[in-house]
Amino acid sequence: MAPVGENHARLPMLFPYGKGTIPGLVISRTKSFPPRLMERLPARRESMETSGGVILSAPIIDALPSCDASELEHRLLEYQAILDNASLGITFTRRRTFLHCNQRFSEMFGWESNELVGQPANLTYPSPAAYDRWLRMAAPVLRAGRRLDTEVQMARRDGSIFWCRMLGRLIDPADASKGAIFITEDITERKEAAEAQRRLLLEYQAMLDNASLGVTFSRKRRFLHCNRRFSEMFGWTCEELIDQPTHILYPSPEAYEELTLLARPILTSGQRLDLEVRMKRRDGMLFWCRVLAKSIDPSDPGKGTIYLTEDITERRSAQEAIKRAHDELELRVQERTAELARANALLQAEIQERQMAEERIRYLAHHDALTGLPNRRLLQDRMEQALEMARRHRHLVAVQFIDLDCFKPINDRLGHHVGDLLLQAVATRLRSLLRGVDTVARVGGDEFVIVLPEMHEESAAQETAQKVLAALSQPYDIDGHQMLVTPSIGVSLYPRDAQSAERLLSAADCAMYHAKRQGKGNWQLFRDGMCVPG
């Protein structure tokens, strides 16, 4: 549909006759018209007769210029064709009665051509009261000589209501009885579209105003719009924020520029900005916000940016509280762990000390406290093991019983301390002579026993006895005292001399006493005839 203004501007140019012309109609009281033209307008003739003139599609003038009938007929037909093909409704009224309307006006209101002629003008209004209200509004405008331009609800023939834009002007503002011309456009679709847009905007505004997030639109670093939540969040009203620079919501210009440098490459690439930043309320108070933003057109930042803002102060506080609690818990765990580690270390030390004490007790239960050599109890066990292995593998076992000659005089003369040192020196020499499988034990004050398992020949036992004799007969330097001590050694063999550990040890003891009777400082192998006690 063509705009009202376009047709309204063009129509006056069609009728250049005289002054006071108004597009739409012409009434002539002085001219008669060719019968052929009158035949074409039968419906108008009756109306014309009642009004004392002819109603035609031409300007209203007091007198038509002199022209012949054919030229006048031609012009009138042209004007009528223009009016009937106009996309806007055009009508001429006088004394609140329709005197003429074009075809579009009739169609718009659901009437046939010419049916409205002679009808009262309020017929096209929803009610007489609506028409009266329109008159009270329009009359002052028209009588002032101004053009009426209004939007009004009107009624079709079937009673349906629709919206119209109406433009009107009196033919003569000084004399309203000469009538008025009105141009009418059906704007129902436009009004409905506008109403739909209005409702949509209201819905959007309602959603924005009731959103839990702050929403704002900015362009060229200034706020153009924000919702209620955004303004409440920052302590402003929406009206106060409009056209304010966006940097007023940041702690400092430096913080704002830093954020701008961070956000610009993200927004211009078409991505969504999502970050947490400290912002400033109107009263200067700082708080934490989560900001999401996206450009309207990444290729043209000047078109503006949409921001969503969420106050996350409580969440950040909760997170920080959780972190502090976690750190405190970690510290307590570390302290408790360290405390437990210390307690465990003490416990381990106690356990180790107890184990060492137990081991020491076990050791002392089987070893001589002075020399560290196995005592008689451990010696008995070692001999049993050696005999068991000898029985299984048919080996020999040699036992040497050693007694130090003249030890008692040395101990009495030089003291127990020197005597103890001498015994320790003897033990050391004995250890150095033996194999790993051999055993040397202290069984009395100056008595020692050597067990030699896994012997294959008797001569090997004799050689060992000779080595022991030679080693123990070497001089000793004990606490500044030079001394010579010789041993008396008795040797017995399994299975030749005895089958049990006890009898084997007794046999070696008898051989040792025999060595002492032979002058000391020698070794003797047990022989038949030597007395074996018990």
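Residues numbered from 1 in each chain as written. Predicted model: local features only at pLDDT ≥ 70, side-chain atom pairs only at ≥ 80, totals over all residues. Heavy atoms only, no water.

A word on helix H12 (residues 376-393)
Residue pairs three or four apart in sequence face the same way in an α-helix, which turns once every 3.6 residues. We count it as follows: What counts as a helix is a DSSP run of H or I of at least four residues, what counts as a strand is a run of E of at least two, and both are numbered from the N terminus. The span one expects for a helix is its residue count, reduced by one, times 1.5 Å. Here the term buried applies to any residue with accessible area under 20% of the maximum for its type, exposed to any over 50%, and partly exposed to those in between, with areas from a 1.4 Å probe on protein chains only. The contact criterion used is simple: two residues touch if any of their non-hydrogen atoms lie within 4.5 Å. Contacts described as polar in this section are N or O atom pairs within 3.5 Å, which, within protein, must combine one atom able to donate a hydrogen with one able to accept it, while residues neighboring in sequence count only if both atoms come from side chains.
An ideal rise of 1.5 Å per residue puts 26 Å on 18 residues; H12 measures up with 25 Å between its terminal C-alpha atoms. Buried residues of H12: Leu378, Leu379, Met383, Ala386, Leu387 and Ala390, and no others. The elements touched by buried residues of H12 are helix H11 (313-366), strand E13 (396-404), strand E14 (439-442), strand E15 (447-455), strand E18 (487-494) and helix H16 (501-517). Its side-chain oxygen placed 3.2 Å from the backbone nitrogen of Arg377, Asn375 serves as the N-cap of H12. Where H12 terminates, the next one or two residues include Arg394, which has phi positive at roughly 60°.

Observations concerning the pairing of strand E8 (residues 214-219)
What counts, and what does not: DSSP calls a pair of strands paired once it identifies at least 2 bridges connecting them.
In terms of burial, E8 is largely enclosed, as 5 of its 6 residues are buried. Alignment of E8 against strand E12 (residues 305-311), held across 5 bridges, turns out to be antiparallel. Its bridge partner being in E12, Ser218 is matched across the sheet by Thr305. With 4 bridges joining them, E8 and strand E9 (residues 222-226) adopt antiparallel strand pairing. Across the sheet, Arg219 pairs through a bridge with Arg222, a residue of E9. Following E8, the chain reverses through 2 residues before pairing antiparallel with E9; Lys220 in that reversal takes a positive phi of roughly 55°.

A closer look at the pattern of salt bridges
Note the following rule: Just to be clear on terms, a salt bridge is a Lys or Arg side-chain nitrogen sitting within 4 Å of an Asp or Glu carboxyl oxygen.
Inspection of every chain in the model, using the stated rule, returns 29 salt bridges. Across the salt bridge formed by Arg147 and Asp149, the nearest N and O atoms sit 3.8 Å from each other. Note on Arg147: relative accessible area 36%, which makes it partly exposed. Under the relative-accessibility criterion, Asp149 is labelled partly exposed at 38%. The closest approach of N and O atoms between Arg392 and Glu388, which form a salt bridge, is 3.6 Å. Of the two residues, Arg392 and Glu388 both sit in helix H12, 4 residues apart, roughly one turn of that helix. Connected through shared salt-bridge partners, Arg147, Asp149 and Arg165 make up one network.

A look at the sheet that holds strand E7 (residues 180-186)
Definition in use: Working convention: axes come from line fits to C-alpha atoms, limited for helices to the stretch in contact. Angles between N-to-C directions cover 0 to 180 degrees.
Read from one edge to the other, the open sheet built from 5 strands follows the order E4-E3-E7-E6-E5, with strand pairing classed as antiparallel. With partners counted over all chains shown, the strands left at the sheet margins are strand E4 (97-101) and strand E5 (148-155), one partner each. For this sheet, the mean angle separating the axes of adjacent strands, direction not counted, is 35°. Set on the sheet, helix H6 (residues 128-143) makes contact with E5, strand E6 (161-170) and E7; between it and E5 the angle comes to about 155°.

A look at the packing of aromatic side chains
What counts is decided by this rule: Here is the rule: rings of Phe, Tyr and Trp (six-membered ring for Trp) pair when centre to centre is within 6.5 Å. Planes less than 30 degrees apart are stacked, more than 60 are edge-to-face, and the remainder are tilted. Only when the NZ atom of a Lys or the CZ atom of an Arg is both within 6 Å of the ring centre and within 35 degrees of the ring normal do we say a charge sits over the ring.
Applying the stated rule across the entire model yields 11 aromatic pairs. Both rings, one in Tyr131 and one in Trp134, keep their centres 6.0 Å apart while their planes meet at 20°; by these two values the pair is stacked. Of this pair, Tyr131 and Trp134 are both found in helix H6, 3 residues apart, which corresponds to roughly one turn of the helix. Residue classification places Tyr131 among the buried positions, given a relative accessible area of 6%. We classify Trp134 as buried; its relative accessible area is 7%. Pairwise contacts between aromatic rings join Phe98, Phe105, Phe109 and Phe162 into one cluster. Here Arg156 stacks its cationic end above the ring of Phe162, 4.1 Å away from the centre of that ring.

Looking at the state of the cysteines
Linking two cysteines covalently through their sulfur atoms gives a disulfide. Worth spelling out the cut-off: Note that a disulfide, as used here, is simply two cysteine sulfur atoms within 2.5 Å.
Inspection of the entire model under this criterion finds 0 disulfides. Between Cys226, a free cysteine, and Cys238, which holds the nearest cysteine sulfur, the sulfur-to-sulfur gap is 3.7 Å.

Things to note about the side chain of Thr309
Locating Thr309 in the fold gives a position in strand E12. A relative accessible area of 3% places Thr309 in the buried class. When near neighbours in sequence (up to four residues on either side) are disregarded, Thr309 contacts Leu213, Gly214, Phe230, Met233, Phe234, Met279, Cys289 and Arg290.

Concerning the sheet that holds strand E10 (residues 273-280)
With respect to topology, 5 strands assemble into an open sheet ordered E9-E8-E12-E11-E10, the strand pairing being antiparallel. Only two strands of the sheet have a single partner each, and these edge strands are E9 and E10. Neighbour-to-neighbour, the strand axes of the sheet open up by a mean angle of 35°, direction not taken into account. Bridging between strand E11 (residues 286-295) and E12 involves 7 bridges; their strand directions are antiparallel.

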